[in-house]
Amino acid sequence: IKAPFVVNESYPPGSVPMNVYYLKGFTPLVKKPKSPRAALEYSLLLPAESANPVFSDSLKKLVLQKFAGHPVRMGDPDKVLLGMQQVYFENYISSNESIYNRVQGMNFNWESVKTMNILLNGNNLLSFYIESYAFTGGAHGLQSRDYIVTDLETGKVIGLSDLFSPDYEA
């Protein structure tokens, strides 16, 4: 049974519109059949323009820096993702090519998956996490999550010290 439906994008007051950026790619280690390869998949949600362009830019910059894992120049998000891909593939080839040409039979495949997930986009809060998975050889890959909460009225990142009384660590 088929049932028609319509999906409408809606952002109530106290939330921020988001744009989706996606990149998937791979590169072989060497130029021959059945070469090992590095593969990646990036999925980024980035705040769209809002009524306050200064705040929009600072929020975009924060999200891009958290996603990239280092400071980035503001610009085209697609170019930022392509730059991340280029660095990843260059590191893959420079780390493995000479070893692969000397030692056959080892697994030289790499994988990187990075996604941004929204937990809350409302009540003047944006709560999200960036999940990263990387496999660069060995028994298993490494997975991590980095959680961030921002106040959409002030643009401030909300930390534990903003939520708990002093000396909460004890």
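Refer to the structure printed above.
Bear in mind that the values here come from a model prediction, so they are computed numbers and not experimental data.

> Would you mind showing me how to read the pattern of salt bridges here?
Side-chain pairs of opposite charge can arise whenever the charged atoms involved come near each other. Taken as a whole, this structure holds 2 salt bridges when the rule is applied. The partner of Glu131 in a salt bridge is Arg145, with the nearest N and O atoms 3.3 Å apart. A residue pair is termed long-range when its members are at least 10 positions apart, and Glu131 in strand E4 (residues 125-135) and Arg145 in strand E5 (residues 142-151) qualify at 14 residues. Look at Arg145 and you get partly exposed, because its relative accessible area is 43%. Between Lys156 and Asp162 there is a salt bridge, with its nearest N and O atoms 2.9 Å apart.

> So what exactly am I meant to see when it comes to the nonpolar core here?
Within soluble globular proteins, side chains that are nonpolar generally end up buried alongside one another. In terms of nonpolar packing, the biggest core is built from 35 residues, with Tyr42, Leu44, Phe67, Leu81 and Met116 touching the most fellow members. Elements represented by at least two residues in this core include exactly strand E1 (18-28), strand E2 (37-47), helix H1 (53-68), helix H2 (77-102), strand E3 (110-122) and E4. Those residues in contact with Phe67, other than ones at most four positions away along the chain, are Tyr42, Ser43, Leu44, Leu81, Met84, Lys114, Thr115, Met116 and Ile130.

> Just checking my understanding: could you explain the sheet that holds E4 for this structure?
Each strand in a sheet pairs with its neighbour through backbone hydrogen bonds, running either in the same direction (parallel) or in the opposite one (antiparallel). Taking strand neighbours across the sheet as the criterion, the 5 strands line up as E1-E2-E3-E4-E5 in an open arrangement whose pairing is mixed. Each edge of the open sheet carries a strand with a single partner, namely E1 and E5. Adjacent strand axes in the sheet meet at a mean angle of 10 degrees when their direction is disregarded. Sheet topology places E1 next to E2; 11 bridges connect them, and they run antiparallel. Following the sheet pairing, Pro28 is matched in E2 by Arg37. Strands E1, E2 and E3 of the sheet are contacted by H2, whose axis makes an angle of about 25 degrees with E1.

> Help me understand the side chain of Ser127 in this model?
You can see Ser127 is positioned in strand E4. By relative accessible area, which is 13% here, Ser127 ends up buried. Apart from residues lying up to four places away in sequence, Ser127 is in contact with Asn117, Ile118, Leu119, Leu120, Ile148 and Val149.

> Teacher, can you tell me more about H2 here?
Every α-helix carries 3.6 residues per turn, so stepping three or four residues along brings you back to the same face. A rise of 1.5 Å per residue sets the reference length of H2, with its 26 residues, at 38 Å; its end C-alpha atoms lie 39 Å apart and thus fit the reference within 8%. When the local axis directions of H2 are compared, the greatest deviation, roughly 40 degrees, occurs at Asn96. All buried positions along H2 are accounted for by Pro77, Val80, Leu81, Met84, Gln85, Tyr88, Phe89, Tyr92, Asn96 and Tyr100. Here H2 starts with a cap whose side-chain oxygen sits 3.0 Å from the backbone nitrogen of Asp78, and that cap is Asp76.

What counts, and where the lines are drawn
Residues numbered from 1 in each chain as written. Predicted model: local features only at pLDDT ≥ 70, side-chain atom pairs only at ≥ 80, totals over all residues. Heavy atoms only, no water. Salt bridge = Lys/Arg side-chain N within 4 Å of Asp/Glu carboxyl O. Helix = DSSP H or I, 4+ residues; strand = E, 2+ residues; numbered from the N terminus. Buried < 20%, exposed > 50% of the residue type's maximum accessible area, 1.4 Å probe, protein only. Core = buried A, V, L, I, M, F, W, Y, C linked by side-chain atoms within 4.5 Å. Contact = heavy atoms within 4.5 Å. Pairing = 2+ DSSP bridges. Axes fitted to C-alpha atoms, helices over the stretch in contact; angles between N-to-C directions. Expected span 1.5 Å × (residues − 1). Bend = angle between axes of the 7 residues up to and from the residue. Polar contact = N/O pair within 3.5 Å; in protein donor to acceptor, adjacent residues only side chain to side chain.

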